[in-house]
Amino acid sequence: MVTKRYKPLLAVMVAFVLAIFMAGTRADAAQKPNYIISTDAAYAPFDFQDKNNQYVGIDMDILKEVAKRNNFTYTLKPMSFNAAAQMVANGQADGIIAGMMINDARKQVYDVSDPYYQSGVAWITKPNSKIKSLSDLKGKTVALKTGTAAANYGASLKDKYGFKVKYFNDTDTMYNDVVNGNTAATFEDYPVIQYAIKNGMKLEVRNPKDLGNGGGVGFFVKKGENALLLQQFNTTLAEMKKDGTYDKIIDKYLNSSQKTFVGEASDNNSMWGILKSNKSAFWKGLVETTKLTVTGIILASLWGLLLGLMGTAQSKFWRGLSTTIIYAFRGLPLMVLAFFIYIGLPGVIGMKIPAFTAGLLTLILNEGAYTGAFVRGGFDSVNVGQMEAARSLGLSHRQAMWKVIVPQGLKMTVPSFVNQFIITLKDTSILSAIGILELTQTGTLIVARNSQGFRVWGIIAIIYLVVITLLTWFSNWVEKKIN
Amino acid sequence: MSEEKKVKVHVDKVNKSYGDNHVLRDISLDVMDNEVVVMIGPSGSGKSTFLRMLNLLEKPDSGVIDVDGHDILDPKTNINKVRENIGMVFQNFNLFNNYTVLENITLAPVQLGKMTKAEAEEKAKELLETVGLPDKANVSVNSLSGGQKQRVAIARALAMNPDIMLFDEPTSALDPEMVGDVLEVMKRLAKTGMTMVIVTHEMGFAKQVANRVVFFESGKIQESGTPEQIFTAPKNERLQTFLSKVMHA
Ligand SMILES: Nc1ncnc2c1ncn2[C@@H]1O[C@H](COP(=O)(O)OP(=O)(O)O)[C@@H](O)[C@H]1O
Ligand SMILES: [Mg+2]
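Remember, it's a predicted structure, so these values are computed and weren't measured experimentally.

Peer 1: Go over the layout of surface pockets, please, and point to the residues and values.
Peer 2: Residues and elements named next belong to chain A. In this structure, the second largest pocket occupies an estimated 580 Å³ of space. Residue lining of the second largest pocket: 23 residues in total, with Leu410, Val414, Phe417, Val478 and Ile482 positioned closest to the centre. Mapped onto the lining of the second largest pocket, the elements with two or more residues apiece are helix 13 (279-311), helix 18 (397-427) and helix 20 (453-482). Residue composition of the lining of the second largest pocket, grouped by class: 15 nonpolar, 6 polar and 2 charged.

Right under this line is the structure:
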């Protein structure tokens, strides 16, 4: 009885979800083969955005050249490294080029090209430091970045050389800690620190000839697939090495002036300069964040409302369904849900989901579950006497809900809605993990290029605060209107 | 009462348990057209449960309940239709907090297509006049005193033109000085010939308006009769104990 009324709403939601799935499956009509190549969005000098927000780097230039010489096109999917690697392992992307080291574990899952660069872990101090060998680190503190291979390598030497470690979440902060002399040394991937030093970081590599865990960097495809692509990559790489193209590319990134990619120094050493030289990037990031937030808020609220109504339906089935959905999606961390939808789900349903759609779906399901829970709570908190009075007059359950319970219950939930809106805005930043170019991801990319972590994150933080303030004002205005 | 009076409510052998608590035990009762039945008894004896069963706010485990010739326990009966003819007044008023006094009264008749909005509003104003609150039409229900709320609740129930009215301790939540106004409205309603089933602890009121008084105890009707029989010559021992307590309290 109750469900009839909700069916149209449900239909709209289903139609919407289908529509966004469809959007992801538009067929490409080009005759040239088109490959989907995933990459790390911020791993200079291999992959990063330049001052014009174009993806550049050793990987990008090599990939472009391979595509040109073999007459194929490709769609680039920049995102976090782990997500990028997963996409290939799951068959959602054809290949990954992301400064990825070749090792035996990876060979189990992927087929890999000939190495196109030699990498390994460098250990780094201030220039002209008295520390000349790892043994000199005895009793000193070493800076490491949480969760990186270089950090694992560094930590494995801790007992042997008798140094202490201090962990950082942000590369930039970590480098500056060494520059400022707070910590004696750090460990980092060799090409990465080379590039940072090129870009003015006052540090020196101590072991360029003797890198730890040294090895090649390669292009990876899923095991047993895309053999042609891999073979074309190897052939072209060999040609490029012969005809000098390869050296030119390496030279361009590791031996040229820093300004080429990051812009003038004056653009980077003040907040104002950074804001000015990246204004279009910040603006695009803000627009994307706003789009995600607004559509996320609207659709999550509708979905939450539906869950709340379902939770107060007369039928046990709908109540149980509501409880289950709320339980499941409230329990899942947002990032897990995002990865599941973006990386996991396409393999099952057999179609690719665009990042924005996946992000939006993540927001709807997660924020909608929270909304559903407090909406249901709001309805439940309306005194049962209200329902009994309405029913005793002859109103149906549905009429009683809409005319008596829902208005009173919703009014009670207004503060929770406002709160949820702000949480939704903040949660959009987590979606940077699947490569949506919103504010946070924009910040990550700019920092990867100019190493100005403090200033860039300061700007991003201020933008978030401004938007949150506007959102709060708007919500308060709505709240007043309702009361 | 004349022989050809119609049975409005026919209850036969209803039982109701909440878990191990057997709240109603084989209760049978007929209420005639135009009759005022008052139910008395100690708290927890099942009076509310019984009353709420008459419009199916509570479902019995077994038995028969016929209202106006409709078997309300038959799943095929449209209970909403039956309820339109049974007004109910609650101890805690249960006015709709999200509406004004007038909207409380007009909501059901308009929603259920009984009247147009204009008709419903006119009717509501008449009813507010009868319950002595002609100037409260447009105020929020939260600004009313308890006695005023209960009179609005009666007007709200009457707006559907019911032919049976159920009252569950309508004055128990009121300050003593408010009780009289509400009872007065109910007395006048009884005089119009409304069929009424009333749960109350107001024994004086019961004596005055009841055609029949029913004594509930431990989920059973222990005794029923005219007010004279019940109040002046109670036979049941428990009724005697109950009356001695409430009369001298
Ligand atoms: N919804 C319910 N759940 C469990 N027990 C109930 C419920 N409603 C009433 N009861 C129990 O049923 C018995 C009769 O209650 P009630 O009909 O309210 O009595 P009265 O109105 O005569 O005071 C009491 O023991 C009460 O605790
Ligand atoms: Mg009671």
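Peer 1: Summarise empty space enclosed by the protein; cite the residues concerned and give the values.
Peer 2: The final tally for this structure, using the stated rule, is 2 cavities of 30 Å³ or more. Approximately 30 Å³ is the volume attributed to the largest cavity. The wall of the largest cavity is formed by Ser392 and Leu393 of chain A together with Arg83, Glu84, Ile86, Gly87, Met88, Ala157, Met160 and Pro162 of chain B. Counting only elements with at least two residues in the lining of the largest cavity, the list comes to helix 2 (79-84) and strand 6 (86-89) of chain B. In terms of residue count, strand 6 of chain B provides more of the lining of the largest cavity than any other element does, 3 residues in total. Lining the second largest cavity, in full, are Ile297, Ala300, Ser301, Glu367, Thr371, Phe417, Gln420, Phe421 and Thr424 of chain A. Those elements giving two or more residues to the lining of the second largest cavity turn out to be helix 13, helix 16 (355-380) and helix 18 of chain A.

Peer 1: How would you explain the packing of helix 13 of chain A against helix 14 (residues 316-331) of chain A if you had to name every residue and give the values?
Peer 2: Between two packed helices, what matters for the description is the angle formed by their axes and the separation of those axes. All names here are of chain A. Where helix 13 contacts helix 14, the axes come no closer than 7 Å and their chain directions differ by 135°. In terms of orientation, helix 13 and helix 14 fall into the oblique class. Every pair of crossing elements has a handedness; the one defined by helix 13 and helix 14 is left-handed. Counting all contacts with helix 13, which are made through Trp303, Leu307, Met310 and Gly311, the residues of helix 14 involved are Trp318, Arg319, Leu321, Ser322, Ile325 and Ile326. Looking at the contact of helix 13 with helix 14 residue by residue, the class counts come to 7 nonpolar, 2 polar and 1 charged.

Peer 1: Quick one: what's the story with the sheet that holds strand 6 of chain B, residue by residue and with numbers?
Peer 2: All names here are of chain B. What the 6 strands build is an open sheet, ordered 6-7-8-3-9-10; its pairing is mixed. Two strands in the sheet have a free side with no partner beyond their single neighbour: strand 6 and strand 10 (220-225). Taken over all neighbouring pairs, the strand axes of this sheet differ in orientation by 15° on average, direction set aside. As defined by bridge partners, strand 3 (residues 36-40) adjoins strand 8 (residues 195-199) across 4 bridges and the pair is classed as parallel. In the sheet register, Val38 faces strand 8, and the bridge partner there is Ile198. This element, helix 9 (residues 237-247), spans strand 3, strand 9 (212-217) and strand 10 of the sheet and lies at about 100° to strand 9.

Peer 1: Describe the interface of chain A and chain B, naming the residues involved and giving the relevant values.
Peer 2: Of the residues lining the interface, 16 residues belong to chain A; the matching set on chain B comes to 22 residues. Broken down residue by residue, the surface that chain A buries against chain B is led by Ser392, Leu393 and Lys403 of chain A, which jointly contribute 35%. Where chain A packs against chain B, one counts 1 salt bridge. Of the charged contacts in the structure, one is a salt bridge between Glu388 of chain A and Arg52 of chain B, with a shortest N-O distance of 2.6 Å. Where chain A touches chain B, the interface holds 10 residue pairs in polar contact (both at pLDDT 80 or more). Of all elements in the fold, only helix 17 (384-392) and helix 18 of chain A reach the threshold of two or more residues within the side of chain A that touches chain B. With 7 residues, the single largest contributor to the side of chain A that touches chain B is helix 17 of chain A. For the side of chain A that touches chain B, a count of residues per class yields 6 nonpolar, 7 polar and 3 charged.

Rules of the game
Residues numbered from 1 in each chain as written. Chains lettered and ligands numbered in written order. Predicted model: local features only at pLDDT ≥ 70, side-chain atom pairs only at ≥ 80, totals over all residues. Heavy atoms only, no water. 1 Å grid on protein atoms, 1.4 Å probe; cavity = no way out; pocket = protein on both sides within 12 Å on 5 of 7 lines; lining within 4 Å. Points joined across faces, edges and corners; volume = space filled by probe spheres on them. Helix = DSSP H or I, 4+ residues; strand = E, 2+ residues; numbered from the N terminus. Nonpolar A, V, L, I, M, F, W, Y, C, P; charged D, E, K, R; others polar. Axes fitted to C-alpha atoms, helices over the stretch in contact; angles between N-to-C directions. Parallel < 35°, antiparallel > 145°, perpendicular 65-115°, else oblique. Left-handed = near helix turned anticlockwise from the far one by under 90°. Contact = heavy atoms within 4.5 Å. Pairing = 2+ DSSP bridges. Buried area = accessible area lost by both parts, 1.4 Å probe. Salt bridge = Lys/Arg side-chain N within 4 Å of Asp/Glu carboxyl O. Polar contact = N/O pair within 3.5 Å; in protein donor to acceptor, adjacent residues only side chain to side chain.

In short, shape yes, function no, at least from these values alone.
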